[in-house]
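# Chains, contacts and geometry: an overview
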Amino acid sequence: MKHLGPPRVHRRLLASCALWLGCLGSAAAAPAAANLLSQADEMLVLVNAQRAAGATCGDEALPPAPPLQWHPAIEAAATDHLQDVAARGVLSHDGSDGSTVGGRARRHGYAWGGVGENVAAGYRSPALTLQQWLRSPAHCRTLMQANYRHVAVVGRHVPGSRYDAWWVMVLARPMH
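Here we summarise the structure given alongside this text. Since we're looking at a predicted model, the values are computed, not measured. (Residues numbered from 1 in each chain as written. Predicted model: local features only at pLDDT ≥ 70, side-chain atom pairs only at ≥ 80, totals over all residues. Heavy atoms only, no water.)

### Here's the deal with the overall build of the protein chain
Counting its regular elements, the protein chain contains six helices and six strands. Overall, the protein chain shows an N-to-C arrangement of helices and strands of α-α-β-β-β-α-α-β-α-α-β-β. Across the 176 residues of the protein chain, 44% fall into the buried class. If you take every contact in the protein chain between residues at least 6 apart in sequence, the share linking residues at least 24 apart comes to 69%. (Helix = DSSP H or I, 4+ residues; strand = E, 2+ residues; numbered from the N terminus. Buried < 20%, exposed > 50% of the residue type's maximum accessible area, 1.4 Å probe, protein only. Contact = heavy atoms within 4.5 Å.)

### Section: the pattern of salt bridges
For the structure shown, the criterion picks out five salt bridges. Of the charged contacts in the structure, one is a salt bridge between R104 and E117, with a shortest N-O distance of 2.9 Å. Within this pair, whereas R104 is found in helix 4 (residues 101–107), its partner E117 is found in strand 4 (residues 112–121), the two being separated by 13 residues in sequence. A relative accessible area of 2% means that R104 is categorised as buried. E117 gets classed as buried once you look at its relative accessible area, which sits at 7%. Between D164 and R124 there is a salt bridge, with its nearest N and O atoms 2.9 Å apart. In this pair, D164 is assigned in the loop between strand 5 (150–157) and strand 6 (165–174) and R124 in the loop between strand 4 and helix 5 (126–135), connecting sequence segments 40 residues apart. Overall, the relative accessible area of 24% leaves D164 in the partly exposed class. Classification of R124 by relative accessible area gives partly exposed; the value is 45%. (Salt bridge = Lys/Arg side-chain N within 4 Å of Asp/Glu carboxyl O.)

### Here's the deal with the state of the cysteines
Counted by the stated rule, this structure contains one disulfide. Covalent S-S linkage joins C57 and C140, the inter-sulfur distance amounting to 2.0 Å. Note on the C57 and C140 pair: the S-S dihedral is about -60 degrees, so by sign convention the disulfide is left-handed. Of this pair, C57 sits in strand 1 (residues 55–57) while C140 sits in helix 6 (residues 137–144), placing them 83 residues apart in sequence. (Disulfide = S-S within 2.5 Å.)

### Structural notes on the nonpolar core
Judged by nonpolar contacts, the single largest core of 22 residues is most densely connected at M43, W133, M144, V151, V153 and M169. A total of four residues in this core trace back to one element, the largest contributor, which is helix 2 (residues 40–53). Counting residues in hydrophobic clusters, the runner-up holds 18 residues, among them A73, V101, Y110 and V119. (Core = buried A, V, L, I, M, F, W, Y, C linked by side-chain atoms within 4.5 Å.)

### What to know about the packing of aromatic side chains
Aromatic rings considered in pairs are described by the distance between their centres and by the relative angle of their planes. Throughout the structure, instances matching the rule amount to one aromatic pair. A ring pair is formed by Y163 and W166, whose centres lie 5.2 Å apart and whose planes are at 75 degrees; its orientation type is edge-to-face. Y163 gets classed as partly exposed once you look at its relative accessible area, which sits at 30%. (Phe/Tyr/Trp six-rings, centres within 6.5 Å; stacked < 30°, edge-to-face > 60°.)

### Things to note about the side chain of T79
Mapped onto the elements, T79 comes out in helix 3 (residues 72–88). When sequence neighbours within four positions are dropped, the list of residues in contact with T79 reads V154 and R156.

### Quick look at the sheet that holds strand 5
The sheet built from four strands is open, its strands ordered 3-5-6-4 with mixed pairing. Two strands close off the open sheet at either side, each with one partner strand: strand 3 (69–70) and strand 4. Where strand 5 and strand 6 come together, eight bridges link them in antiparallel fashion. When the bridges of strand 6 are listed, H150 appears paired with A172. Strand contacts of helix 3: strand 3, strand 4, strand 5 and strand 6, with the helix running at about 35 degrees to strand 5, the strand carrying the most contacts. (Pairing = 2+ DSSP bridges. Axes fitted to C-alpha atoms, helices over the stretch in contact; angles between N-to-C directions.)

Next comes the structure, spelled out in structure tokens:
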């Protein structure tokens, strides 16, 4: 298991994100359903802070990447896939209908020129889930890919499912 950089820097990054989010107070989005593990703006801040800092993915040091914007079409694709993998109890990038992340994004109206996906389970915390992806070189590279412009990350508590907490992140850049 590789570190994504000096541990103190990473902890400070997450602490500053948590502090900033705490300052949002009532300006944050309205409370979501009980099974929602994260507000969209919470995960977006964490992801963009990590991209701004750069990361070490395995043995590869990646420079800072531009911030991402939330996109509702890929949020719908991420939500569909989360419901599918949680219902089946498997961590997979393939849908039960044979779909891929690109097909799911297209199905929801996103014309992509590049698309990637990270799937995770087990952690209820957005910060711990992000750390889980950063510890995996392939998932880390997907998160840090500089040409992506849009993101959606969906986290849900699914009672009675294999892992209880499920996450799907979709990153994409538009066709044109």
